[in-house]
Amino acid sequence: MSDAISAPPWRGALVSEPVAVRLPATLTEHLEGLQLRHFSPDEIIRACGGGEPPWHLWGNIVPTLIVADAAREAIGRPTKITSAWRSDEYNWQNGGKEYSQHPTFTALDLAVLVGSWKARAQRELQDLLASWRGRRFFSPVPFKRVEVDCVPFAPLDTCAGCYSFIFEGGIGRYPAPGWPKFFTHLDTRGIRADWGAR
Ligand SMILES: [Zn+2]
């Protein structure tokens, strides 16, 4: 029997159906899909406080991780993620701000680890990130972001076809020497926000 005869008559209609996008089953799989050069899924998950972020927030962190990874590559210094997602409870208990971007999973705290040059290296990272706002970045995977109630959040200028986005967000400069208050906060809330001393 030839294929032409055995093919069901509705075959053509099925082929034209949209192809469903397969969602990653685990947070690790989601993070692996981003193909980051410097931050492993394990490091990112370990930096979460109060468990793992719920799956509907996983897309929120994609632009932040892509910008952080590119910045780490550009400054060429060992950099550690010290805080990523935080549950609301964990955020309150650990002195986080009420409208923090961490519980929405759009924020990362980054510490450059370079001994006595820490202050300078941290400033270098902060200045670089500030200079990158308004710049287009590309994601290797499609991502969808969701707003969380009461948290300042604006959509990024994205291009669905090529998974690109324009980086806009918050940069917090925490220059006080001594672990762990010595770090850079980065988020992609969609609007500019700056705080901390330079
Ligand atoms: Zn932060």
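Analysis parameters
Residue positions are given per chain, counted from 1 along the sequence in the order it is written. In keeping with the predicted nature of the model, local features appear solely for residues at pLDDT of at least 70, side-chain atom pairs appear and are counted solely at 80 or more, and the whole-chain, interface and lining totals rest on all residues. Each helix is a run of H or I in the DSSP string that is no shorter than four residues. Each strand is a run of E no shorter than two, and both are numbered from the N terminus. Field definition: a residue is buried when 20 or more other C-beta atoms are found within 10 Å of its C-beta, exposed when 12 or fewer are, and partly exposed for counts in between, with C-beta atoms placed from the backbone. Contact definition: two residues whose C-beta atoms, as placed from backbone geometry, lie within 7 Å. Pairs of strands are assigned from DSSP output, requiring at least two bridges between the strands. Working definition: the nonpolar core is a set of buried Ala, Val, Leu, Ile, Met, Phe, Trp, Tyr and Cys residues, joined through C-beta atoms within 7 Å.

Engineer: So what's going on with the overall build of the chain? Residues and values would help.
Structural biologist: Check the secondary structure of the chain and you find seven helices and eight strands. Of all 198 residues assigned to the chain, the portion counted as buried reaches 31%. A sequence separation of at least 24 residues applies to 72% of the contacts in the chain between residues at least 6 apart.

Engineer: Can you explain the sheet that holds strand β4 (residues 158-159)? Please cite residues and give values.
Structural biologist: In spatial order, the strands read β3-β5-β4; together these three strands make up an open sheet with antiparallel pairing. Either end of the sheet is taken by a strand with one partner, and the two such strands are β3 (136-138) and β4.

Engineer: Run through the environment of H56, naming residues and quoting values.
Structural biologist: Within the fold, H56 resides in the loop between α4 (41-46) and α5 (62-75). For H56, a count of 11 C-beta atoms within 10 Å corresponds to the exposed category. Sequence separation between H56 and K144 is 88 residues, and the spatial gap between their C-alpha atoms is 8.9 Å.

Engineer: Describe the pairing of strand β7 (residues 182-187), naming the residues involved and giving the relevant values.
Structural biologist: Along any regular strand the residues' side chains alternate between the sheet's two faces. For β7, the buried fraction is high: five of the six residues fall into the buried class. Across four bridges, the pairing between strand β2 (residues 107-112) and β7 is antiparallel. Directly across from D109, in β7, lies its bridge partner H185.

Engineer: Go over the nonpolar core with me, naming the residues and quoting the values.
Structural biologist: With 34 residues, the main nonpolar core has L65, V67, A68, L108, L110 and L186 as its most contacted residues. Of all the elements in the fold, those that place two or more residues in this core are α3 (27-32), α5, β2, α7 (118-131) and β7. Among the elements that take part in this core, α5 stands out by supplying seven residues, more than any other. Apart from the residues lying within four places of it in its own chain, the contact partners of L186 are T64, V67, A68, A107, L108, L110, L129, G169 and I171.

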